[in-house]
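# Fold and contact review
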Amino acid sequence: MFKKQKPELKFTSGRRYVTSNTTGVMRLRNKYYNKALAFTIKERQLLGIHGLLPPVVRSVEDQVRIKYAQFINLNHDLMKYLFLLNLSEINEPLFYKLLESYTEKCLPYVYTPTVGLACQRYSYIQQFPRGLYITYKDKGHVLNVLKNWPEFDVRVIVVTDGGRILGLGDLGANGMGISVGKITLYTAFGKVRPHQCLPICLDVGCNTDAVREEPYYMGLKCKRPPTDEYNEFVDEFMEAVVKRFGQNCLIQFEDFGNSDAFRFLDRYRYQYCMFNDDIQGTAAVGVAGIISAMKCTGTDWKSHRILFQGAGEAAIGIAKLLVIAFKKAGFKEEQARNSIFLRDSKGLITKDRSPDSLTENKLPFAKDMPFIYKLEDCVREIKPTILIGASSQPRSFTKQILRMMALYNAVPIIFALSNPTAKSECTAFDAYMNTKGKCFFASGSPFPPVEYGGRTRYTSQANNAYIFPGIGLGAASSCIKYLSPDIFLNAARIVAGLCTPEDYAQGRLYPPLTKLSHCAFEIAMAVFTYAHIKDLSMVSPKPTDIRAFLTHQLYDAKYEPVIPSWLQPDSKTDQKDKLNCIEC
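No experiment lies behind these values; they were computed from the predicted model shown. (Residues numbered from 1 in each chain as written. Predicted model: local features only at pLDDT ≥ 70, side-chain atom pairs only at ≥ 80, totals over all residues. Heavy atoms only, no water.)

### Overview of the overall build of the protein chain
- Along the protein chain, the regular secondary structure elements total 25 helices and 14 strands.
- For 584 residues, the compact-globule estimate of 2.2 N^0.38 gives 25 Å, and the C-alpha radius of gyration of the protein chain, at 25 Å, lies within 12% of that figure.
- Across its three principal axes, the protein chain shows a C-alpha extent of roughly 80 × 55 × 50 Å.
- Sorting the 584 residues of the protein chain into buried and exposed places 58% on the buried side.
- The long-range fraction of contacts in the protein chain, counting pairs at least 24 apart against all pairs at least 6 apart in sequence, stands at 71%.
- With 73 positive and 57 negative side-chain charges, the protein chain shows a spacing of 4 Å between the two charge centroids. (Helix = DSSP H or I, 4+ residues; strand = E, 2+ residues; numbered from the N terminus. Rg over C-alpha atoms; globule rule 2.2 N^0.38 Å. Buried < 20%, exposed > 50% of the residue type's maximum accessible area, 1.4 Å probe, protein only. Contact = heavy atoms within 4.5 Å. Lys, Arg positive; Asp, Glu negative; His and termini not counted. Charge placed at Lys NZ, Arg CZ, Asp CG, Glu CD.)

Pasting the structure below:
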């Protein structure tokens with residue numbers, strides 16, 4: 001008499017393809033099926049590809065080690081980027097296994113800072129049909145273009161118009177590299193299945209003459225349209241996405257121009273399942289670093305004055321989320337805003353400045369105090385405990401400014417968040433040396449560890465990859481209606497909570513990059529739970545075990561056997577299934 005076993009949720013690879021429909025040669029040429037030398041001899045014979053491969057059979061672990069050896073022997077950042085991009089188009093599971101095994105080494109070449117260089121050269125290096133280009137000339141027919149994408153089950157879209165690529169400005173259609181990079185991280189760390197992810201570039205022209213007039217520029221060679229016409233085009237795009245992929249398809253806006261980014265966020269945030277990573281994702285990762293720094297220093301919110309160098313998407317996004325964090329800690333909104341100071345290219349944002357120089361998003365943070373132009377004078381007058389750079393103005397945190405931060409604070413907190421590395425407000429070396437090793441430092445791009453006073457300080461990278469993969473997994477799994485600001489504050493707290501005392505001792509304000517998948521899963525859990533508590537989820541009924549439900553959604557980058565185990569009479573799984581059938 002056999003006891004009936006409770007059915008369990010198991011990992012699935014996320015394949016949507018019927019393997020029996022694919023021939024052996026097709027497998028070798030298709031990134032979804034190709035296993036290269038991992039095909040067993042039996043599989044090669046069954047598929048008719050015996051002899052097309054060398055006789056050796058290699059495990060996926062051996063393949064990963066060989067690919068990594070090839071990768072590190074390349075001597076140029078762009079060559080490493082192209083190596084990884086090509087691998088993803090030849091053998092998708094192996095690509096994601098490589099990222100999983102060597103995250104800290106490979107991530108800078110999949111995304112920041114190398115993706116900035118790749119976008120600058122994208123017209124020359126674009127090879128594979130990665131993603132969808134929808135141009136302004138497709139207006140009126142956007143849905144038809146979306147229908148050309150061969151996948152039906154798309155859950156996550158990353159869309160850019162190339163209007164403000166990192167700190168490099170308007171790159172137009174070359175911005176597709178950003179969407180491709182972000183989508184890669186959704187699968188690598190959020191474990192959203194690859195066929196459910198779609199990178200899109202909205203090509204509406206380019207206002208950078210040097211880019212637009214390049215002989216081989218691949219985008220529309222015209223300037224951007226007026227705001228009203230652009231709004232109509234993006235409205236059509238959003239409506240077409242819902243018609244094609246459903247209301248619950250998450251749309252991430254990435255690297256739009258400053259005014260466009262805020263306008264579209266305000267326009268769509270409660271109408272669609274969408275968010276802007278430059279505003280909200282950066283805000284969450286920035287606030288996570290501040291929460292970690294407060295834990296390290298034993299301070300609370302009332303102890304801090306925060307000065308921003310820069311008042312664009314990232315700075316205002318962080319500032320707005322900080323206001324919410326202050327209010328959650330018991331402060332009134334006015335008290336919260338009084339602790340936050342912003343400085344843009346024209347100086348400190350104060351009420352006596354010309355109204356023409358203050359946008360709607362800057363006005364709430366305008367101070368009733370004398371105008372100050374220089375950043376050094378702002379630091380001297382305000383005496384901030386936290387200095388955050390989000391200006392794309394390289395080396396704007398001078399030696400004098402860093403030394404003043406150390407003079408005014410026992411433990412200064414300094415974030416140089418601008419990307420890529422060449423745009424950073426200061427280096428990790430400058431920060432530690434000019435504060436005599438006292439500061440907690442985080443940057444947007446990675447810096448090598450710094451030796452000071454007999455201690456090794458590891459640089460904290462405030463990478464949005466800590467946030468958006470988990471948001472995407474949680475939103476896609478819960479079919480959430482929209483993403484409220486509380487979701488991003490919860491994500492910040494989760495990331496900070498995953499830091500260990502050992503991380504703090506090394507100067508880290510974020511968990512190691514090897515924990516990105518763990519961060520994503522915990523954030524997804526929080527998003528899913530929040531969606532059901534606030535009645536925002538379209539998944540009904542609510543799963544009794546959310547963790548098991550989410551686990552079942554994950555993509556597992558593994559090679560599929562040619563013959564499913566249930567068709568092999570000598571397999572253990574088959575025997576187990578037989579026993580269950582006998583019992584039933």
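### Re the pattern of salt bridges
- Counted by the stated rule, this structure contains 27 salt bridges.
- Across the pair K139 and E232 runs a salt bridge, and its minimum N-O distance is 3.0 Å. One end of the pair, K139, is in the loop between β1 (132-135) and α9 (142-146); the other, E232, is in helix α12 (residues 227-245), with 93 residues separating them in the sequence.
- Here D260 ties to R263 by a salt bridge, and the two come within 2.8 Å at their closest N and O atoms. Of the two residues, D260 and R263 both sit in helix α13 (residues 258-268), three residues apart, roughly one turn of that helix.
- D260 gets classed as buried once you look at its relative accessible area, which sits at 14%.
- Linked through salt bridges whose partners overlap, the residues forming this network are R164, D255, D278 and E313. (Salt bridge = Lys/Arg side-chain N within 4 Å of Asp/Glu carboxyl O.)

### Observations concerning unusual backbone geometry
- Omega for the peptide link from N419 to P420 comes to -10 degrees, which places this bond in the cis form.
- As for its position among the elements, P420 is in the loop between β10 (413-416) and α19 (428-434).
- For the bond running from S540 to P541, omega is 0 degrees, close enough to zero to count as cis.
- Here P541 lies in the loop between α23 (516-533) and α24 (546-553).
- Within the chain, K191 stands out as a residue other than glycine whose phi angle is a positive 60 degrees.

### As for empty space enclosed by the protein
- Scanning all chains against the criterion turns up four cavities of 30 Å³ or more.
- In this structure, the largest cavity encloses a volume near 90 Å³.
- Of all the secondary-structure elements, those providing two or more residues to the lining of the largest cavity are α4 (77-90), α6 (103-110) and α10 (176-188). (1 Å grid on protein atoms, 1.4 Å probe; cavity = no way out; pocket = protein on both sides within 12 Å on 5 of 7 lines; lining within 4 Å. Points joined across faces, edges and corners; volume = space filled by probe spheres on them.)

### Focus: the domain arrangement of the protein chain
- Entries for the protein chain in the domain assignment read domain 1 (113-272) and domain 2 (280-463).
- Taking the mean C-alpha position of each, domain 1 and domain 2 sit 30 Å from one another.
- Each partner contributes residues to the interface: domain 1 has 12 residues there, and domain 2 has 12 residues.
- Summed over both sides, the interface between domain 1 and domain 2 buries roughly 960 Å², with carbon and sulfur atoms accounting for 60% of that surface.
- Contact with domain 2 buries surface across domain 1, with P113, G167 and F262 losing the most and accounting together for 52% of the total.
- Where domain 1 meets domain 2, there are one salt bridge.
- A salt bridge links R164 to E313; the nearest nitrogen and oxygen atoms lie 3.0 Å apart.
- Counting the contacts that link domain 1 with domain 2 gives three residue pairs in polar contact (both at pLDDT 80 or more).
- Partitioning the side of domain 1 that touches domain 2 into residue classes produces seven nonpolar, three polar and two charged. (Domains from an automatic or database assignment. Buried area = accessible area lost by both parts, 1.4 Å probe. Polar contact = N/O pair within 3.5 Å; in protein donor to acceptor, adjacent residues only side chain to side chain. Nonpolar A, V, L, I, M, F, W, Y, C, P; charged D, E, K, R; others polar.)

### A few points about the environment of M294
- The topology assignment puts M294 in helix α14 (residues 277-297).
- You can call M294 buried: its relative accessible area is 7%.
- Between the C-alpha atom of M294 and that of H304, which follows or precedes it by 10 residues, the distance is 9.2 Å.

### Some words on the pairing of strand β4 (residues 250-253)
- Residue alternation in β4 divides its side chains into two sets, L250 and Q252 and I251 and F253, and both sets are buried.
- Strand direction decides the pairing type here: strand β2 (residues 156-160) and β4, joined by four bridges, are parallel. Directly across from I157, in β4, lies its bridge partner I251.
- Of the strand pairs in this sheet, β4 and strand β5 (residues 274-276) are connected by three bridges, and their pairing is parallel. (Pairing = 2+ DSSP bridges.)

### A short note on the UniProt feature "active site" (unreviewed entry) in the protein chain
- Using the residue numbers shown here, the UniProt feature "active site" (unreviewed entry) corresponds to Y111 and K182. Their sequence span is 72 residues, while the largest C-alpha to C-alpha distance among them is just 7.4 Å; these annotated residues converge on one region. Here, the largest pocket is lined by Y111 and K182 out of the annotated residues.
- Structurally, Y111 can be placed in the loop between α6 and α7 (114-120).
- Overall, the relative accessible area of 4% leaves Y111 in the buried class. (UniProt positions renumbered as here; feature names shortened; annotations may be inferred.)

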